[in-house]
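Listed here are the chains, written in short residue letters.
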Amino acid sequence: MKADPTQPLVSLRCAVLTISSRRQAKDDTSGNYLDAALREAGHTVQARSLCPDDRYQIRKMLSDWIADPGIQVILCNGGTGFTHQKSTIAAVTPLLDQVVPGFGELFRHLSWLDIGASSLQSDALGGMANDTLVFCLPGSTGACRLAWEKILQPQLDSRQPPCNFASAYRARTSD
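Definitions and limits used
Residues numbered from 1 in each chain as written. Predicted model: local features only at pLDDT ≥ 70, side-chain atom pairs only at ≥ 80, totals over all residues. Heavy atoms only, no water. Phe/Tyr/Trp six-rings, centres within 6.5 Å; stacked < 30°, edge-to-face > 60°. Helix = DSSP H or I, 4+ residues; strand = E, 2+ residues; numbered from the N terminus. Buried < 20%, exposed > 50% of the residue type's maximum accessible area, 1.4 Å probe, protein only. Salt bridge = Lys/Arg side-chain N within 4 Å of Asp/Glu carboxyl O.

Engineer: Before we go on, may I ask you to explain the packing of aromatic side chains in this structure?
Structural biologist: The way to describe two aromatic rings as a pair is by their centre distance and the angle between their planes. Taken as a whole, this structure holds two aromatic pairs when the rule is applied. Ring plane angle 50° and centroid distance 5.0 Å describe the contact between phenylalanine 103 and phenylalanine 135, whose orientation is recorded as tilted. Of the two residues, phenylalanine 103 sits in helix H4 (residues 101-115) while phenylalanine 135 sits in strand E6 (residues 132-137), which places them 32 residues apart along the sequence. Note on phenylalanine 135: relative accessible area 0%, which makes it buried. Ring centres 5.7 Å apart and planes at 50° place the aromatic pair phenylalanine 135 and phenylalanine 165 in the tilted group. You can see phenylalanine 135 sitting in strand E6 and its partner phenylalanine 165 sitting in the segment after helix H5 (141-155), a full 30 residues away along the chain. Cluster of aromatic residues (ring-pair linked, three or more members): Phe103, Phe135 and Phe165.

Engineer: Is there a simple way to think about the pattern of salt bridges in this case?
Structural biologist: A pair can form between side chains of opposite charge whenever their charged atoms are brought close. Counted under the stated rule, the structure contains six salt bridges. Two residues, arginine 48 and aspartate 28, come together in a salt bridge whose shortest N-O distance is 2.9 Å. Within this pair, whereas arginine 48 is found in strand E2 (residues 44-51), its partner aspartate 28 is found in the loop between strand E1 (13-19) and helix H1 (29-40), the two being separated by 20 residues in sequence. Among the residues examined, arginine 48 registers a relative accessible area of 33% and is labelled partly exposed. For aspartate 28, a relative accessible area of 0% corresponds to the buried category. When the shortest N-O distance is used, the salt bridge between aspartate 35 and arginine 48 registers 3.7 Å. Separated by 13 residues along the polypeptide, aspartate 35 in helix H1 and arginine 48 in strand E2 bring together distant segments of the chain. Through salt bridges with shared partners, one network takes in Asp28, Asp35, Arg39 and Arg48.

Distances and angles like these do not, on their own, reveal function.
Next up, the structure:
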């Protein structure tokens, strides 16, 4: 279903967190992609950062953003693969008040269609903490593009019927 252009677009205030112990700002292609995609969709990027793949540093950064009333959506990328260094999901899960189980399931299904059985090694998570939407994506730019185009872009578009995550913020955008 296409977005209804007769409805007003809610511009969400977002943050992008790249989780990696190897990447730096100059080679953060996934963070750059998510930043550009959010802006192109009419949202504002309030904050952006890189964080080492360390669960406690991830929690600190996310806790600060979750407590900030100026941030409504956080997109994390990286630290979700099947490795010993994987810490994103373990760091984020205790912070969430509510999980969207279908987000990870739908991402893995779409990823399966794209890359086959390797999709089993990528975690994805969606949830809400303190009225802030939090999504965790794999670190590859292809995975971020897949999640954005097939799930996040329509769900963060307040004009998308029959329902979306963004419409809950309609009355609060002037806060």
